[in-house]
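Notes for the structure review
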Amino acid sequence: MKPIQVGLMGIGVVGSGTFNVLKRNQDEIVRRAGRGIEITMVADLDVERAKSVVGEGVAVVNDARAIIANPDIDVVIELIGGYGIAKALVLEAIAAGKHVVTANKALLAVHGTEIFAAASAKGVMVAFEAAVAGGIPIIKALREGLTANRIQWIAGIINGTTNFILSEMRDKGLDFDVVLKEAQRLGYAEADPTFDIQGIDAAHKLTLMSAMAFGIPVQFDKAYVEGITQLGAADIKYAEQLGYRIKLLGITKRMETGIELRVHPCLVPAKRLIANVEGAMNAVVAHGDAVGTTLYYGKGAGSEPTASAVIADLVDIARLDSAEAAQRVPHLAFQPDAMSDLPILPMGEVRSSYYLRLRVADQAGVLAQLTGILAQAGINIDAVLQREADEVQDPALGAAQTDLVILTHECKESDMNNAIAQVQALPTVLQPIARIRKEELA
Ligand code: HSE
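Residues numbered from 1 in each chain as written. Predicted model: local features only at pLDDT ≥ 70, side-chain atom pairs only at ≥ 80, totals over all residues. Heavy atoms only, no water.

It is worth spelling out the overall build of the protein at this point. Helix and strand content of the protein: 15 helices and 17 strands. Against the globule reference of 22 Å for 442 residues, the protein gives a C-alpha radius of gyration of 24 Å, in line with a compact fold. Taken along its principal axes, the extent of the C-alpha atoms in the protein is 80 × 45 × 35 Å. Considering the protein as a whole, with its 442 residues, one finds that 54% of them fall into the buried category. A separation threshold of at least 6 residues defines the contact pool for the protein, and within that pool the share at least 24 residues apart is 74%. Total accessible area on the protein stands at roughly 18500 Å², and carbon and sulfur atoms take up 51% of it. Distance between charge centres in the protein, computed from 41 positive and 52 negative side chains, equals 3 Å. (Helix = DSSP H or I, 4+ residues; strand = E, 2+ residues; numbered from the N terminus. Rg over C-alpha atoms; globule rule 2.2 N^0.38 Å. Buried < 20%, exposed > 50% of the residue type's maximum accessible area, 1.4 Å probe, protein only. Contact = heavy atoms within 4.5 Å. Areas by Shrake-Rupley, 256 points an atom, 1.4 Å probe, with all protein chains shown as cover. Lys, Arg positive; Asp, Glu negative; His and termini not counted. Charge placed at Lys NZ, Arg CZ, Asp CG, Glu CD.)

Bringing the site of the ligand into the picture now. With respect to spatial proximity, the complete set of residues near the ligand consists of Lys105, Asn159, Gly160, Thr161, Asp196, Asp201, Lys205 and Ala301. Separating a nitrogen atom of the ligand from a side-chain N or O atom of Asp196 is a distance of 3.0 Å. Lys205 has a polar side-chain atom sitting 2.9 Å from an oxygen atom of the ligand. Within the complex, 82% of the 260 Å² of free accessible area of the ligand lies under protein. Breaking the shell around the ligand down by element, the ones donating at least two residues are helix H8 (160-172) and helix H11 (200-214). Its residues placed into classes, the shell around the ligand shows one nonpolar, three polar and four charged. (Near = heavy atom within 4 Å. Polar contact = N/O pair within 3.5 Å; in protein donor to acceptor, adjacent residues only side chain to side chain. Nonpolar A, V, L, I, M, F, W, Y, C, P; charged D, E, K, R; others polar.)

A few words now on the environment of Lys271. Assignment of secondary structure puts Lys271 in the loop between strand E10 (259-269) and strand E11 (281-288). When the C-alpha positions of Lys271 and Gly243 are compared, they lie 8.0 Å apart, and in sequence the two are 28 residues distant.

If you look at the biggest cluster of nonpolar residues, it comprises 82 residues, and the most contacted ones within it are Phe128, Ile138, Leu142, Ile165 and Met209. The greatest single-element share of this core, amounting to 10 residues, is contributed by H11. The contacts of Ile138, once residues within four sequence positions are left out, are Glu129, Val132, Ala133, Met209, Val284 and Tyr296. In this structure, Val310, Leu314, Val315 and Ile317 belong to the second largest nonpolar core, which totals 33 residues. (Core = buried A, V, L, I, M, F, W, Y, C linked by side-chain atoms within 4.5 Å.)

The strand order across the open sheet built from six strands is E3-E2-E1-E4-E5-E6, with neighbouring strands paired in parallel fashion. Lying at the two open borders of the sheet, with one neighbouring strand each, are strand E3 (59-61) and strand E6 (126-127). In terms of strand pairing, strand E1 (residues 4-9) meets strand E4 (residues 75-78) through four bridges, oriented parallel. The residue bridging Leu8 from the neighbouring strand is Ile77, located in E4. (Pairing = 2+ DSSP bridges.)

Applying the stated rule across the entire model yields two aromatic pairs. Seen in terms of ring centroids, Phe116 and Phe128 are 5.6 Å apart; in terms of plane orientation they differ by 40 degrees. Their pairing is tilted. You can see Phe116 sitting in helix H6 (residues 105-122) and its partner Phe128 sitting in the loop between E6 and helix H7 (138-145), a full 12 residues away along the chain. Of the residues examined, Phe116 reaches a relative accessible area of 6% and is grouped as buried. Judged by relative accessible area, Phe128 falls into the buried class, the value being 0%. Ring geometry for Phe164 versus Tyr188: centroids 3.9 Å apart, planes at 15 degrees, classification stacked. Separated by 24 residues along the polypeptide, Phe164 in helix H8 and Tyr188 in the loop between helix H9 (176-186) and helix H10 (194-197) bring together distant segments of the chain. The buried category is assigned to Phe164, whose relative accessible area is 8%. (Phe/Tyr/Trp six-rings, centres within 6.5 Å; stacked < 30°, edge-to-face > 60°.)

Let's shift gears to the pattern of salt bridges. Taken as a whole and assessed by the stated rule, the structure comprises 28 salt bridges. With a shortest N-O distance of 3.0 Å, Glu28 and Arg31 are connected by a salt bridge. Separated by three residues within a single helix, Glu28 and Arg31 lie in helix H2 (residues 26-33), roughly one turn from each other. A relative accessible area of 37% places Glu28 in the partly exposed class. Between Lys140 and Glu144 there is a salt bridge, with its nearest N and O atoms 3.1 Å apart. Placement of both Lys140 and Glu144 in helix H7 is noted, with a separation of four residues, approximately one turn of the helix. Classification of Lys140 by relative accessible area gives partly exposed; the value is 31%. Taking relative accessible area as the criterion, Glu144 reaches 31% and is therefore assigned partly exposed. Salt bridges linked by common partners bring Arg170, Asp171, Glu240, Arg245, Lys247 and Glu278 together as one network. (Salt bridge = Lys/Arg side-chain N within 4 Å of Asp/Glu carboxyl O.)

Listed below in C-alpha cells is the structure:
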C-alpha cells in the first residue's frame with residue numbers, strides 16, 4: 001500500500017522529535033501500521049533550521065498553507081500552538097479533506113466543538129493524543145480501553161511544571177516564588193509561566209478528558225481554575241504532618257445533577273500512588289464502574305515522549321484512513337448524536353473536604369468561636385492541629401500568635417465560603433485564611 005504522506009507544521013522541540021522517531025523506528029512502525037508513514041513536507045518560519053533537522057528529500061517551506069494546498073498530503077500535523085493561526089490552519093486543512101494530528105490542547109479545549117463538527121462533516125479525523133499528558137496514552141485509554149465503563153471520575157497531575165515546583169517546595173521547604181525562579185533557570189518553567197502556574201494548561205487538558213469520559217461537549221469556559229501561586233511552604237509542611245501531599249489536580253466527576261470540572265491545589269493522602277508522582281512527571285487516575293481505579297503514569301512533555309503520542313495518532317490514521325467515517329472511533333469517544341447535556345456544576349455546588357490554616361491570637365475561646373461558626377454551617381471537623389506560628393509575637397497586638405490547621409469532612413463549597421467569610425471577620429483571626437481542598441481518591 002502507498003505510504004501515507006504527512007505534512008508537518010512547526011518543527012520545534014516536538015516536531016523534531018516526531019521527525020526523528022518516525023525515521024528511526026520506521027520499520028517497526030510499518031510492521032504495526034501495515035503501510036509506510038512519511039513526512040514529506042515541513043513548514044516552519046525558520047526554514048534554515050528546519051532544513052538542518054530534516055536534511056535532503058523533504059520539502060521545507062515557510063508558508064504552512066503550501067502544505068494544505070499540496071494534494072499529495074494526506075495528513076497534517078499541527079504543532080504551532082495557540083488559538084490564532086493554528087485554528088485557521090486546522091480548519092483549512094479539514095476543509096481540504098486532510099486528517100489532522102495536533103498537540104494543541106488550548107485550541108481543542110476552547111474551539112473543539114467547531115473543529116470536531118467540521119471534521120465529522122468532512123469525514124476526516126482530528127487526533128490529539130499528544131494534547132493531554134504528553135507521552136501517556138490517556139486519550140487511547142479513555143476513548144477505547146475504558147469504553148465498556150461508565151466512567152465515574154478522573155483525577156490527574158497533568159502539568160509537569162507545577163508538579164516540579166510543588167515537589168521542590170516540599171523537598172527544600174521553600175516558598176513558591178523562590179522555586180519558580182529556580183525552575184525558570186533550569187528550564188523546567190517557561191519565561192512566561194502564566195498558563196502553567198495558574199492552572200490554565202491543566203484545565204485545557206482536563207476539559208478534553210472530561211468530554212471523553214462523560215460524552216459532553218468541551219466546555220473550558222465553565223471549568224473552575226485555580227493555580228498554585230498562593231501556596232506557602234507552611235501549607236506543604238502542615239499537610240505533611242497530617243499525612244497528606246499537596247498536588248495541583250485536575251478533577252472531573254459525574255454527579256447526579258451535573259459534572260464537576262475543576263483544577264486547583266489539593267491535599268491527597270500521602271499513601272496514594274498519585275501523591276508520590278514527583279518532579280515534572282504526569283499521572284492520571286481514572287475510575288470506571290467495571291474496571292475500578294486505573295492509573296497512568298509517564299512523561300507529560302518533552303520532545304520524544306510527545307512525539308510518541310503524535311506518531312501513535314499517525315498510525316491510527318494510517319490504519320483507519322480507508323474505513324467508513326461512521327465506523328471510526330468518535331473524536332470525543334461518544335457518537336456526536338449521543339452526547340449528554342448534563343451541565344457543568346458551578347463551583348458553589350461542588351462537594352469537597354477542606355484544609356484551613358488560620359493565624360490566630362493565642363487566647364482562650366478562639367478555637368471555640370471558630371468551631372462554633374463551622375458547626376452553625378453544618379461543617380463537620382475531622383482534625384485540628386495547633387502549631388506555634390513562625391513569628392511568635394505580633395507587636396501591634398502584644399499577644400502571642402498561633403497557627404490553627406483544621407481538616408473538615410465533606411461539605412458544599414458555598415457553605416464553606418460563607419463560613420470562611422464569618423471566621424475571617426473575627427478580630428482574633430490575624431491573617432487571610434488559607435483554604436485548600438482535600439480529596440481522598442479512595
Ligand atoms: N507546559 C506543560 C507542562 C507541558 O508543564 O506540563 C505542555 O502542556
